[in-house]
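# Examination of the molecular architecture
Take a look at the letters that make up each chain.
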Amino acid sequence: IIKFHTGTDVTDNNPERMRIDDDAVKIQSKLACISDTDTNIEFSGTNQIVFNAANTEKMRLIGNGNLGIGTDNPGAYKVVISACVKLNYTRICIT
């Protein structure tokens, strides 16, 4: 296990920010690019993944599999899109 903390002294009480275990790389809350700091993937709340771009939430996947695009609350629907959508080719199958 390798642990990364904030600050320069890992023996102080600074919180752990990242850990490399045998099975995964684990982070505190956000995964971001060094050169594009306003775009990130955030692990927000319990069982939620948030995709941010230009400091704005663009998409949220919640633990039950529901996905919100352009909204932070997909509610009871599998996919909620809150935006204008252009469809060039669409195949919809309902079973």
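Data block above holds the structure.
Just so it is clear, the structure is predicted and the values come from calculations on it, not from any experiment.

Attention now goes to the overall build of the protein. Per the secondary structure count, the protein includes zero helices and nine strands. Going through the 95 residues of the protein one by one, you find that 14% of them count as buried. In the form shown here, the protein has an accessible surface area of approximately 7,600 Å², with 54% of it arising from carbon and sulfur atoms.

With antiparallel pairing, three strands are arranged side by side in an open sheet as β1-β2-β3. The open sheet has two edge strands, β1 (2-5) and β3 (25-27), and neither has a second partner. When the angles between neighbouring strand axes are averaged without regard to direction, this sheet yields 15°. Here strand β2 (residues 16-20) pairs with β3 via three bridges, running antiparallel. Bridge assignment links I20 to a residue of β3, and that residue is V25.

It is worth spelling out the pattern of salt bridges at this point. In this structure the tally under the stated criterion is four salt bridges. Between R19 and D21 there is a salt bridge, and its shortest N-O distance comes to 3.8 Å. For D21, a relative accessible area of 16% translates into the label buried. Measuring nitrogen to oxygen at the nearest pair gives 2.8 Å for the salt bridge that ties R60 to E57. Here R60 falls in the buried class, since its relative accessible area comes to 12%.

What follows is about the environment of T46. Mapped onto the elements, T46 comes out in the loop between β5 (40-43) and β6 (48-53). Between the C-alpha atom of T46 and that of I62, which follows or precedes it by 16 residues, the distance is 8.5 Å.

Time to look at a nonpolar patch on the surface. Together, I69, V79, I81, V85 and L87 make up an exposed nonpolar region whose accessible area comes to about 440 Å². In this structure, I81 sits in strand β9 (residues 79-81). A relative accessible area of 45% means that I81 is categorised as partly exposed.

Here the focus is the environment of K78. Among the structural elements, K78 can be located in the loop between β8 (67-69) and β9. Sequence separation between K78 and N66 is twelve residues; the distance between their C-alpha atoms is 4.2 Å. When near neighbours in sequence (up to four residues on either side) are disregarded, K78 contacts N64, G65, N66 and L67.

Thresholds, definitions, all that
- Residues numbered from 1 in each chain as written.
- Predicted model: local features only at pLDDT ≥ 70, side-chain atom pairs only at ≥ 80, totals over all residues.
- Heavy atoms only, no water.
- Helix = DSSP H or I, 4+ residues; strand = E, 2+ residues; numbered from the N terminus.
- Buried < 20%, exposed > 50% of the residue type's maximum accessible area, 1.4 Å probe, protein only.
- Areas by Shrake-Rupley, 256 points an atom, 1.4 Å probe, with all protein chains shown as cover.
- Pairing = 2+ DSSP bridges.
- Axes fitted to C-alpha atoms, helices over the stretch in contact; angles between N-to-C directions.
- Salt bridge = Lys/Arg side-chain N within 4 Å of Asp/Glu carboxyl O.
- Patch = residues over 30% accessible without salt bridge, like charges linked within 9 Å, V, L, I, M, F, W, Y side chains within 5 Å.
- Contact = heavy atoms within 4.5 Å.

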